[in-house]
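Each chain is listed here by its residues.
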Amino acid sequence: MSSLTLLPRRALAALAAVALALLAVLAVDASPAEAVRPPGIPSTATAQSELNALTVAAESHGSTYDRDLFPHWRSVSGSGGCTARQYVLKRDGQNVVTSDGCQPTSGNWQSDFDNTWTTTVSNATIDHVVALSEAWASGAWAWTTAERQAFANDINSPQLWIATTSANSSKSDYDPAEWMPVNTTGLRCDYVKAWTHVKYLYDLTVDSAEKSAIQSHLTTYCGSGGGTPTGCSGSNTTAGTITEGGTITRAVTLSCTGSASSTSSVTVNVTHPYYGDIQVQLQAPDGTVRTIQASSSATGNFGSRTYSVNLSSEARSGTWTLLVTDTYSGGSTGTFNSWSLSI
């Protein structure tokens, strides 16, 4: 498009664009960093092997369960005297401030289970991925009190997850045949791998419905056993300013087996008054770059646009990078809002 023709209307839009840019910067500054999941989540192959090794048995002794039989939120080794709960809140939170080196007074915490961030300490609960009552009915009824305390305060395995009070309540003591977290990128895969690993570490049994569900989830969300995972998608919602003549990049990392679809879907949300100024490219994990929208003389706000892309020559797994470029230098910046990829 002609810069001589568009310069006046771009000049009129400049003040509004600057305001949008400032808002975008504020949004980025206020956004918490990427969440941290618990340590020790195994590979898919390891989780599959561990699942195969678990003993299948009906749950028992459920009527004799008492939470007090699992001494929990005790001081743990290597934490400086902090309880397991305090340690996990500090380890997996962002910008955590404590009053005494242990008890958090402020910070940001992500509840993976419902994909929610909270800044309220009391709303950041710690969930046992394998619930204490589930462990009891799966073999912990025969443990010593010391063994149950070690299980309830295990900070080294993927047993302790941050969860909002509502997510914790929703999950309750259900197993993967009865409840699963929201389907954000890689979460359900990590969740069932964590569940399986904890059961394996502590030699706990699984009932037949539970094992069947775990296998199904491993196949669906992790691609275990040669299956092709469904729901292979991800998104990046980190906002940013697209400067005139500049490029902004945002990455999405997927963990899925098999090849991408010939009808893969890419959705991009950008605020920019001149749609035709924007070039959108997708870089595959192997470095191949595809232009999915070239710049043009088109006008009107960019908004949210979805593209169907043939990615069948690419493996799904790896880091996919979106490159959004404002190809025109003359007055209007834009705001990158989000993008998502389903392959």
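Keep in mind that this is a model prediction, so the values were computed, not measured.

Some thoughts on the overall build of the protein chain
Counting secondary structure elements, the protein chain contains 8 helices and 14 strands. Relative to its 343 residues, the protein chain shows a buried fraction of 47%. Contacts in the protein chain between residues at least 24 apart in sequence constitute 74% of all its contacts with a sequence separation of at least 6. With an accessible surface of roughly 14800 Å², the protein chain has 50% of that area assigned to carbon and sulfur atoms.

Brief notes about the layout of surface pockets
Approximately 200 Å³ is the volume found for the second largest pocket. Arg 67, Asp 127, His 128, Asn 168 and Ser 172 are the residues nearest the centre of the second largest pocket, which is lined by 13 residues in total. Counting residues per element, the ones that place at least two in the lining of the second largest pocket are β4 (124-128) and α4 (132-137). Class assignment of the residues belonging to the lining of the second largest pocket gives a composition of 5 nonpolar, 4 polar and 4 charged.

Here's the deal with the state of the cysteines
Under the criterion given, the structure shown has 2 disulfides. Each disulfide pairs two cysteine sulfurs, and for Cys 82 the partner residue is Cys 102, the sulfurs being separated by 2.0 Å. Disulfide Cys 82 to Cys 102: torsion about the S-S bond roughly -85°, handedness left-handed. Here the residue Cys 82 occupies a position in the loop between α2 (44-53) and α3 (84-92), and Cys 102 occupies one in the loop between β1 (94-98) and β2 (104-111), the gap between them amounting to 20 residues. Summarising the burial analysis for this pair, Cys 82 and Cys 102 share the class buried. Disulfide partner of Cys 189: Cys 222, at an S-S distance of 2.0 Å. One disulfide, between Cys 189 and Cys 222, carries an S-S torsion of 125° and so falls in the right-handed class. Here Cys 222 lies in helix α8 (residues 208-222) and Cys 189 lies in helix α7 (residues 187-201), a separation of 33 residues in the sequence. We note that Cys 189, like Cys 222, is buried.

Things to note about empty space enclosed by the protein
Considering all chains together, one arrives at 2 cavities of 30 Å³ or more under this definition. Taken as a whole, the second largest cavity holds about 80 Å³ of empty space. What lines the second largest cavity is a set of 10 residues, among which Val 36, Asp 92, Gln 110, Asp 112 and Ile 162 lie closest to the centre. Considered class by class, the residues forming the lining of the second largest cavity number 6 nonpolar, 1 polar and 3 charged.

Details of the confidence of the model for the protein chain
With 87% of its residues at a pLDDT of at least 70, the protein chain reaches an overall mean of 85. When mean pLDDT is taken per element in the protein chain, α4 scores highest with 98 and helix α1 (residues 3-30) scores lowest with 36. Predicted confidence is poor over residues 1-31, with pLDDT under 50, and the contacts of this stretch with residues over four places away or in other chains come to 40 contacts.

Thoughts on the sheet that holds β2
If you walk across this open sheet you meet the 3 strands as β1-β2-β3, and the pairing is antiparallel. With partners counted over all chains shown, the strands left at the sheet margins are β1 and β3 (116-118), one partner each. Here the average twist between neighbouring strands, direction ignored, is 15°. Here 3 bridges tie β1 to β2, and the two strands are oriented antiparallel to one another.

Here's the deal with unusual backbone geometry
Here Asn 95, not a glycine, exhibits a phi torsion of approximately 55°, which is positive. Along the chain, Asn 95 falls in strand β1. Take Asn 95: its relative accessible area is 62%, and that puts it in the exposed class. In the Ramachandran plot, Asn 115 falls in the positive-phi region, its phi being about 55° despite a non-glycine side chain. Along the chain, Asn 115 turns up in the loop between β2 and β3.

Digging into the packing of aromatic side chains
Under the definition given, this model contains 12 aromatic pairs. With a centroid separation of 5.8 Å and an interplanar angle of 35°, the aromatic rings of Trp 143 and Tyr 202 are classed as tilted. Remark: Tyr 202 occurs in the loop between α7 and α8 and Trp 143 occurs in the loop between α4 and α5 (145-152); sequence separation between them is 59 residues. For Trp 143, a relative accessible area of 15% puts it in the buried group.

So, how was this worked out
- As a convention, each chain's residues are numbered from 1 in the sequence order in which they are written.
- Thresholds applied to this predicted model are a pLDDT of at least 70 for local features of residues and 80 or more for the giving and counting of side-chain atom pairs; totals over whole chains, interfaces and linings are not thresholded and use all residues.
- Hydrogens and water are ignored here; the side-chain numbers use all heavy atoms of the structure.
- Here a strand is any run of E in DSSP of at least two residues, a helix any run of H or I of at least four, and the numbering for each starts at the N terminus.
- Only protein chains enter the calculation, and the probe is 1.4 Å; a residue is then buried if its accessible area is under 20% of its type maximum, exposed if over 50%, and partly exposed in between.
- Residues are treated as being in contact if the distance between any of their heavy atoms lies within 4.5 Å.
- Surface exposure here means Shrake-Rupley accessible area, sampled with a 1.4 Å probe, where a residue is shielded only by the protein chains that are shown.
- In this analysis the probe radius is 1.4 Å and the grid spacing 1 Å, with only protein atoms considered; a cavity is a set of points the probe fits into but cannot get out of, a pocket is an open set with protein on both sides within 12 Å along at least five of seven lines, and lining residues have an atom within 4 Å of a point.
- Grid points are joined across faces, edges and corners, and a volume is the space filled by probe spheres set on the points.
- Gly is put with the polar residues, along with every residue not named as nonpolar or charged; the nonpolar set is Ala, Val, Leu, Ile, Met, Phe, Trp, Tyr, Cys and Pro, and the charged set is Asp, Glu, Lys and Arg.
- The rule for a disulfide is simple: a pair of cysteine sulfur atoms within 2.5 Å.
- How sure the predictor is of each residue is captured by pLDDT, a score from 0 to 100.
- A pair of strands is considered paired only if DSSP assigns at least 2 bridges between the two.
- Between N-to-C directions, angles span 0 to 180 degrees; the directions come from axes that are lines fitted to C-alpha atoms, helices contributing only their stretch in contact.
- Stacked, tilted and edge-to-face are the three classes assigned to paired rings of Phe, Tyr and Trp, where Trp is represented by its six-membered ring and a pair needs centres within 6.5 Å; plane angles under 30 degrees give stacked, over 60 edge-to-face, the rest tilted.

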